[in-house]
Amino acid sequence: MNTNTIKLNPRQISIIVLTIATAVIHLFLAAIFPPMRLLFILNGVGFLALLVGYFLPQLSNYRNLINWALIAFAAVTVVGYFVVNGIKPDPLGWITKLIEIALIILLWLDRRK
């Protein structure tokens with residue numbers, strides 16, 4: 001019997017959890033904030049698609065490129081938030097940005113040579 005198992009280290013598990021968290025938050029926001037629905041949906045789906053690509057064995061040759069794409073995607077999301085909202089009190093927004101910054105740091109540390 002041939003079993004293919006993926007071994008994940010704690011950093012990679014954290015990357016999965018943080019990416020899913022920010023994706024779910026953006027999809028939730030799409031449901032409650034119609035003016036930006038499409039943008040939130042694209043953001044949530046984009047995070048999930050890049051996450052799948054990051055760990056999919058068939059795309060292992062592109063993992064470094066996907067890593068940088070996910071870092072850039074999260075960074076653009078953080079910057080975009082402040083461009084649209086400025087710096088005003090918004091607990092969910094700030095929590096989401098902290099998640100994305102932590103994700104960027106973990107992805108940076110998880111770079112593959």
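Our subject in this report is the structure included herewith. (Residues numbered from 1 in each chain as written. Predicted model: local features only at pLDDT ≥ 70, side-chain atom pairs only at ≥ 80, totals over all residues. Heavy atoms only, no water.)

Re a nonpolar patch on the surface
Then, in step 1: Among the surface-exposed residues, Ile20, Val24, Leu27, Ile41, Val45 and Leu48 lie close enough to one another that they form a single nonpolar patch of about 430 Å² accessible area.
Then, in step 2: With respect to the element layout, leucine 48 can be found in helix H2 (residues 37–55).
Then, in step 3: When its relative accessible area of 32% is taken as the criterion, leucine 48 is described as partly exposed. (Patch = residues over 30% accessible without salt bridge, like charges linked within 9 Å, V, L, I, M, F, W, Y side chains within 5 Å. Areas by Shrake-Rupley, 256 points an atom, 1.4 Å probe, with all protein chains shown as cover. Salt bridge = Lys/Arg side-chain N within 4 Å of Asp/Glu carboxyl O. Helix = DSSP H or I, 4+ residues; strand = E, 2+ residues; numbered from the N terminus. Buried < 20%, exposed > 50% of the residue type's maximum accessible area, 1.4 Å probe, protein only.)

Remarks on the packing of helix H1 (residues 10–32) against helix H4 (residues 91–109)
Then, in step 1: At a minimum axis distance of 9 Å, the contact between H1 and H4 shows a crossing angle of 150°. Taken together, the axis directions place H1 and H4 in an arrangement best described as roughly antiparallel. The two elements H1 and H4 meet at a crossing, and its hand is left-handed. Of the residues in H4, those touching H1 at Arg11, Ser14, Ile15, Leu18, Thr19, Ala21, Thr22, Ile25, His26, Phe28 and Leu29 are Leu92, Thr96, Lys97, Ile99, Glu100, Ala102, Leu103, Leu106, Leu107 and Leu109.
Then, in step 2: Residues belonging to the contact of H1 with H4 are distributed by class as follows: 13 nonpolar, 5 polar and 3 charged. (Axes fitted to C-alpha atoms, helices over the stretch in contact; angles between N-to-C directions. Parallel < 35°, antiparallel > 145°, perpendicular 65-115°, else oblique. Left-handed = near helix turned anticlockwise from the far one by under 90°. Contact = heavy atoms within 4.5 Å. Nonpolar A, V, L, I, M, F, W, Y, C, P; charged D, E, K, R; others polar.)

Focus on the pattern of salt bridges
Then, in step 1: Scanning the entire structure with this criterion turns up 2 salt bridges.
Then, in step 2: Between arginine 11 and aspartate 110 there is a salt bridge whose closest N-O contact spans 3.4 Å. Linking arginine 11 in helix H1 with aspartate 110 in the segment after H4, this pair joins segments that are 99 residues apart in sequence.
Then, in step 3: A salt bridge links glutamate 100 to lysine 97; its shortest N-O distance comes to 2.7 Å. Taken together, the residues glutamate 100 and lysine 97, both in helix H4 and 3 residues apart, mark about one turn of the helix.

Notes on the nonpolar core
Soluble, globular proteins show a tendency: their nonpolar side chains are buried together.
Then, in step 1: Grouped together as the largest cluster of nonpolar side chains are 20 residues, with contacts concentrated most on Ile15, Phe47, Tyr54, Leu103 and Leu107.
Then, in step 2: Elements with a minimum of two residues in this core: H1, H2, helix H3 (63–85) and H4. (Core = buried A, V, L, I, M, F, W, Y, C linked by side-chain atoms within 4.5 Å.)

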